[in-house]
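# A structural walkthrough
Listed below are the residues making up each chain.
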Amino acid sequence: MAKVLAVLSSGYKDENNKYETGWWGEELFAPLEALEKAGHEVELASPLGGKPTVDQTSFLPEYDPEGTYKALYESGRADETHKLSEINPNEYDVVLIVGGHGAMYDLAKDEDLHRIINTVYNNGGIVSAECHGPAPLIWTIRPDGKSIIADKKVTGYPDEIEPEGLLDILPFSLEQEVMKISKYDKGDLTKKAHAVWADDQIVTSRDPFSSELMGEELVKALRKKNI
């Protein structure tokens, strides 16, 4: 059995632009269900601890047609998270960075998260990130002074499908920042899901619709490691 740390944004509110965001429902619950079904343990963490802010958009019918993820959220499964600053990364086999635009604000440059990512990677564990979740990988610096994803193939949420006008208020473009240091691979946008292994320890996925695929990839990788 593996121990997995799922990392969520605590949330972000932009009063000037009347914009509030956080973590994305499916991007936590789809992999979580796959991992727990396979017998693995999943714990949650966020910068502030406690109950992190979910992006309510993730529960709209176009993203959650059966209300599956809304029901899981309302069950309280994500009401309690550990503070990132209090996490001992040596306890975990996998770190999963859950997407949602919130990751661009409070996770991207969080030094505690960078410490966790580096330690899990150093220990031979898996570093996984969904949708906007690869943002922290950009600023996770290895001993050689380079990003953990420097010169590696990585995916993440593409500019061309960002909601209209949102790029104007986001702190940066995920696609453009990744392209500065990595080989950005958005895959075929006509296909529902896309995930990429940068090496045998780092896996990224493109968008909310790739969440189930991320769960499958992690379960397969852990089975291969005999954990």
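For the structure given in this document, a descriptive report is provided here. The model shown is predicted, which means the values in this text are computed figures rather than measured ones.

Here we come to the pattern of salt bridges. On inspection of all chains with the given rule, the structure shows ten salt bridges. When the shortest N-O distance is used, the salt bridge between Glu 160 and Lys 186 registers 2.3 Å. Residue Glu 160 is found in the loop between β8 (153-154) and α6 (174-181), and its partner Lys 186 is found in the loop between β9 (183-184) and β10 (195-197); the two are separated by 26 residues along the sequence. One salt-bridge network, held together by shared partners, links Lys 3, Glu 43 and Glu 91.

This part is about unusual backbone geometry. In this structure, Lys 18 is a non-glycine residue whose phi angle is positive, near 50°. Position of Lys 18 among the secondary structure elements: in the loop between β2 (12-14) and β3 (19-21). Judged by its relative accessible area of 79%, Lys 18 falls in the exposed class. Here the phi dihedral of Asn 226 falls at roughly 60°; this positive angle occurs in a residue that is not glycine. Turning to its location among the elements, Asn 226 is positioned in the segment after α7 (211-224).

Attention now moves to the nonpolar core. With 37 residues, the main nonpolar core has Val 95, Ile 117, Val 127, Leu 137 and Ile 202 as its most contacted residues. Of all elements in the fold, only β1 (3-7), β6 (94-97), α3 (102-107), α4 (111-122), β7 (126-130), α5 (135-138) and α6 reach the threshold of two or more residues within this core. Sort the elements by how many residues they give to this core and α4 lands first, with five residues. Aside from chain neighbours lying at most four places away, what touches Leu 137 is Ile 97, Ile 117, Val 127, Ala 129, Ser 147, Ile 148, Ile 149, Ile 202 and Thr 204. By size, the runner-up hydrophobic cluster in this structure holds 27 residues, among which are Trp 23, Leu 32, Val 42 and Phe 59.

Let us look at the sheet that holds strand β5 (residues 82-83). Across a sheet, strands are paired by hydrogen bonds formed along the backbone, either parallel or antiparallel in direction. Read across the open sheet, the seven strands follow the order β5-β4-β1-β6-β7-β11-β10; overall the sheet is mixed. Strands at the two margins of the open sheet, each flanked by one partner only, are β5 and β10. Pairing between β7 and strand β11 (residues 202-205): four bridges, direction parallel. Looking across to β11, one finds that Glu 130 is bridged to Ser 205. Each of β1, β6, β7 and β11 is contacted by α4, which is oriented at about 140° to β6, the strand it contacts most. Contacts from α7 reach β6, β7, β10 and β11 within the one sheet, and its direction differs from that of β7 by about 175°.

Our next topic: the packing of aromatic side chains. Taken as a whole and assessed by the stated rule, the structure comprises seven aromatic pairs. Measuring from centroid to centroid gives 5.4 Å for Phe 59 and Tyr 73, while their planes differ by 35°, and the two rings are tilted. Linking Phe 59 in the loop between β4 (41-46) and α2 (68-74) with Tyr 73 in helix α2, this pair joins segments that are 14 residues apart in sequence. Comparing Phe 59 with Tyr 73 shows no difference in burial state: the two are buried. Centre to centre, the rings of Trp 139 and Phe 172 are 5.1 Å apart; their planes meet at 70°, and the pair counts as edge-to-face. Taken together, the residues span a long stretch of sequence, with Trp 139 in the loop between α5 and β8 and Phe 172 in the loop between β8 and α6 at a distance of 33 residues. On the accessibility criterion, Trp 139 (24% relative accessible area) is partly exposed. Look at Phe 172 and you get buried, because its relative accessible area is 11%. Ring pairs connect the aromatic residues Trp 23, Phe 29, Phe 59 and Tyr 73, which therefore count as one cluster.

Each α-helix winds once per 3.6 residues, and so residues spaced three or four apart point in a common direction. With twelve residues, α4 should cover 16 Å at 1.5 Å per step; its first-to-last C-alpha distance of 16 Å lies within 8% of that length. Taken as a whole, α4 has its buried residues at Leu 113, His 114, Ile 116, Ile 117, Asn 118, Thr 119, Val 120 and Tyr 121. Its side-chain oxygen 2.9 Å from the backbone nitrogen of Asp 112, Asp 110 forms the N-cap of α4.

Rules used throughout
- Residues numbered from 1 in each chain as written.
- Predicted model: local features only at pLDDT ≥ 70, side-chain atom pairs only at ≥ 80, totals over all residues.
- Heavy atoms only, no water.
- Salt bridge = Lys/Arg side-chain N within 4 Å of Asp/Glu carboxyl O.
- Helix = DSSP H or I, 4+ residues; strand = E, 2+ residues; numbered from the N terminus.
- Buried < 20%, exposed > 50% of the residue type's maximum accessible area, 1.4 Å probe, protein only.
- Core = buried A, V, L, I, M, F, W, Y, C linked by side-chain atoms within 4.5 Å.
- Contact = heavy atoms within 4.5 Å.
- Pairing = 2+ DSSP bridges.
- Axes fitted to C-alpha atoms, helices over the stretch in contact; angles between N-to-C directions.
- Phe/Tyr/Trp six-rings, centres within 6.5 Å; stacked < 30°, edge-to-face > 60°.
- Expected span 1.5 Å × (residues − 1).
- Polar contact = N/O pair within 3.5 Å; in protein donor to acceptor, adjacent residues only side chain to side chain.

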